[in-house]
Amino acid sequence: NWAGDTTKVDTPAPKLTYSTTNFTEATANDGSFTMTSTITLGGNGSGTFSGSDGAELSGVTFSNTPAGLTAHITRTSATTATLTFTGNASAHANANDISNFGVSFGNGAFSGVLASAVTGAARADIVVDFADPAANTAPTASGTELSMALPMSRSRFGPACRPASVVVANAR
């Protein structure tokens, strides 16, 4: 017969969670990103992010970063950090979306815990979502006709004004 304690209490393993794993291109539609993701180190409380608040974490590597962008993870507290992108992606059409941007935290990113003991210390499922570039609305000329779309809000002639074509006579 068993005579020992039948209840076992275990401390959960440290775990990284992200506030978002989907990054959408900024409204400027220039290949930049203004979104951020807060990364939280939770679990048993024995580990923290290394370094000081406001400094980039050491020991973090990235994979599948779109050309022109640089990824950063900055410590914001002992248990939180922020993932950001700087720069402008050189190819940022919708067809350039990726769903496998990767982040890998090494031992240097943590204090009091090894990266191998942290659930989610490596992941490669972050989405980088680009929009198609805006359509060109520059005036065009064909033969003797100049066409230009004037948005209603930019017209100085009031709400009754509609986009129009102007015929230019051939001057000799």
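What you see is a predicted model, and the numbers here were worked out from it, not measured in a lab.

Colleague: What is the right way to read the sheet that holds strand S5 (residues 60-63) from this model?
Modeller: Remark on secondary structure: sheet strands pair via backbone hydrogen bonds, oriented parallel or antiparallel. The mixed open sheet is built from 4 strands, whose spatial order is S2-S10-S8-S5. Each edge of the sheet is formed by a strand with only one pairing partner; in this case those strands are strand S2 (22-24) and S5. Between one strand axis and the next, the sheet turns by 30 degrees as a mean value, whatever way the strands run. Bridging between S2 and strand S10 (residues 122-129) involves 3 bridges; their strand directions are parallel. Its bridge partner being in S10, Asn22 is matched across the sheet by Val127.

Colleague: I tried to follow the sheet that holds strand S6 (residues 69-75) on my own but got confused; where do I start?
Modeller: Pairing is antiparallel in the open sheet, where 4 strands are placed in the order S1-S3-S7-S6. Strand pairing shows two members of the sheet lacking a second neighbour, strand S1 (15-18) and S6, which therefore form its edges. For this sheet, the mean inter-axis angle between neighbouring strands, taken without regard to orientation, is 25 degrees.

Colleague: Explain the packing of aromatic side chains to me, please; I cannot follow it from the model alone.
Modeller: Aromatic ring pairs are described here by two measures, namely the spacing of the ring centres and the angle between the planes. All chains considered together, the criterion is met by 8 aromatic pairs. Where Phe33 meets Phe130, the ring centres are 5.5 Å apart and the plane angle is 65 degrees; that geometry is what we call edge-to-face. With Phe33 in the loop between S2 and strand S3 (37-42) and Phe130 in the loop between S10 and strand S11 (140-142), the pair connects residues that are 97 residues apart, well separated along the chain. Overall, Phe130 belongs to the buried group, its relative accessible area being 2%. Here Phe105 and Phe110 contribute two aromatic rings whose centre-to-centre distance is 5.8 Å and whose plane-to-plane angle is 35 degrees, an arrangement assigned as tilted. Phe105 gets classed as buried once you look at its relative accessible area, which sits at 3%.

Colleague: Would you mind showing me how to read the nonpolar core here?
Modeller: Nonpolar side chains in soluble globular proteins tend to end up buried together. Counting residues in each nonpolar core, the largest one holds 28 residues, and the members touching the most others are Phe49, Ile73, Leu83, Val103, Phe105 and Phe110. Going through the elements one at a time, S1, S3, S6, strand S7 (80-87), strand S8 (98-105) and S10 are the ones with two or more residues in this core. Sequence-distant contacts of Val103, defined by excluding residues within four places in its chain, comprise Tyr18, Val60, Thr61, Phe62, Ile73, Leu83, Ala121, Ala122, Arg123 and Ile126.

Colleague: Would you mind going over the side chain of Thr20 with me for this structure?
Modeller: Residue position: Thr20 is located in the loop between S1 and S2. Those residues in contact with Thr20 that sit more than four places away from it in its chain are Met35, Thr36 and Ser37.

Colleague: Even after reading the chapter, I still don't get unusual backbone geometry, so can you show me in this structure?
Modeller: Glycine aside, a negative phi is what most residues show, and trans is what most peptide bonds show. Positive phi, normally seen in glycine, also occurs at Asn29, with a value near 55 degrees. In this fold, Asn29 is placed in the loop between S2 and S3. Taking relative accessible area as the criterion, Asn29 reaches 18% and is therefore assigned buried. The phi angle at Asn64 is positive, at roughly 60 degrees, despite the residue not being glycine. Position of Asn64 among the secondary structure elements: in the loop between S5 and S6.

Colleague: What is the right way to look at the confidence of the model for the protein in this model?
Modeller: Low pLDDT marks regions whose predicted coordinates should not be analysed in detail. For the protein, the average pLDDT comes to 84, and 71% of its residues sit at 70 or higher. When the criterion is pLDDT under 50, residues 153-157 qualifies, and its contacts beyond four places in sequence or with other chains add up to 1 contact.

Thresholds applied
Residues numbered from 1 in each chain as written. Predicted model: local features only at pLDDT ≥ 70, side-chain atom pairs only at ≥ 80, totals over all residues. Heavy atoms only, no water. Pairing = 2+ DSSP bridges. Helix = DSSP H or I, 4+ residues; strand = E, 2+ residues; numbered from the N terminus. Axes fitted to C-alpha atoms, helices over the stretch in contact; angles between N-to-C directions. Phe/Tyr/Trp six-rings, centres within 6.5 Å; stacked < 30°, edge-to-face > 60°. Buried < 20%, exposed > 50% of the residue type's maximum accessible area, 1.4 Å probe, protein only. Core = buried A, V, L, I, M, F, W, Y, C linked by side-chain atoms within 4.5 Å. Contact = heavy atoms within 4.5 Å. pLDDT = per-residue confidence, 0-100.

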